[in-house]
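Per-entry structural report
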Amino acid sequence: MKTRRLGPNGPEVSAIGLGCMGMASFYGTPSDEAQATAVIHRALDLGVTFFDTAEMYGPHTNEIQVGKALADRRDKAFVATKFGIGWNADRTALKVDGSPANVRRAIEGSLTRLGMDHVDLYYLHRVDPDTPIEETVGAMAELVKEGKVRFLGLSEAAPATIRKAHATHPITALQTEYSLWSREPEDEILATVRELGIGFVPYSPLGRGFLSGDIKSIDDLEEGDFRRTNPRFMGENFQKNLDLVEAVKAIAHDRGVTAAQLALAWVLAQGDHLVPIPGTRRIATLEQNAAATDITLTAEDVEAIEAVFPKNAASGHRYAPAAQSALNR
């Protein structure tokens, strides 16, 4: 497995990480402990060192899964978790809390569930509009001083927010959705983090599995899978997006790789400070994703891919209204 740095002076991690969210929530039936452990252990065998979880995933259960799987091999893993967003009591709306008090509460809970004395990268999951980012990051910086956190990150933060946060304490990584069908970071965010020396961690680099080409119908998704209510998987949007993926599959076929591998290779080709974190619950998929780091795309390859899947071509918003409203823009 090749490695990359999160920023020019940041920590070295595997070129592709493992997003662990789907093991616990959002994508239908959660993985059991044995399944989650098997995938994480196989990831380590393949050279994957970067593991991403969050307080919200489950909620709480994914941190437990990750912690148990890494209990006897903590020194081999770079562990990231996130705090600051959760559901209200009836799960009809999202609550964002970046208050200093919540910073302290959240890290203690995460460390307990993970069974660790520190996390390597601690993200603010969503920016709290009611708390100045300087206050949130200032409280997070105290955790660095205490040794409970090594590096700080943000998720789905706007350029102005990133700059204010970075001026308060160095930000090591920004996590934001980025893929062939979510290219908004190209407008300002990628240039901002490159200028500031911040690593960029694309989540959902396979469009929540859609870019793999394996999802042919909404009926391929389990009941309770949140993608059933995601605008890009619904109605006319589904077929329009599927047509785009079929065009990518044709290019992948000519290269002798899968559509998912080609889509990941495209993300990796956008800069050596990008470290995507595709998620999976299956070892076979994990192995295919890891192999994408061996694919080298030429400028002509990138141009051919973008010709059939242009920027802003995806149909539908990337989140339903409740989640879309929590994005910092």
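One structure accompanies this document, and this report is about it. No experiment lies behind these values; they were computed from the predicted model shown.

1. Digging into the pairing of strand S8 (residues 119-124)
With respect to burial, S8 is a largely interior element, six of its six residues being buried. Where strand S5 (residues 78-83) and S8 come together, four bridges link them in parallel fashion. In the strand pairing of S8, Phe-83 is matched with Leu-124. Sheet topology places S8 next to strand S9 (residues 149-155); five bridges connect them, and they run parallel. Considered in S9, the bridge of Leu-124 is made with Leu-154.

2. Digging into the pattern of salt bridges
Throughout the structure, instances matching the rule amount to 27 salt bridges. Put simply, Arg-42 and Glu-287 hold a salt bridge, and the shortest N to O gap is 2.9 Å. Of this pair, Arg-42 sits in helix H1 (residues 33-45) while Glu-287 sits in helix H9 (residues 283-291); the two residues are 245 residues apart in sequence, bridging distant segments of the chain. Classification of Arg-42 as partly exposed rests on a relative accessible area of 27%. One salt-bridge network, held together by shared partners, links Glu-55, Glu-63, Arg-105 and Arg-113.

Cut-offs used in this document
Residues numbered from 1 in each chain as written. Predicted model: local features only at pLDDT ≥ 70, side-chain atom pairs only at ≥ 80, totals over all residues. Heavy atoms only, no water. Buried < 20%, exposed > 50% of the residue type's maximum accessible area, 1.4 Å probe, protein only. Helix = DSSP H or I, 4+ residues; strand = E, 2+ residues; numbered from the N terminus. Pairing = 2+ DSSP bridges. Salt bridge = Lys/Arg side-chain N within 4 Å of Asp/Glu carboxyl O.

Read these as spatial facts, not as claims about activity.
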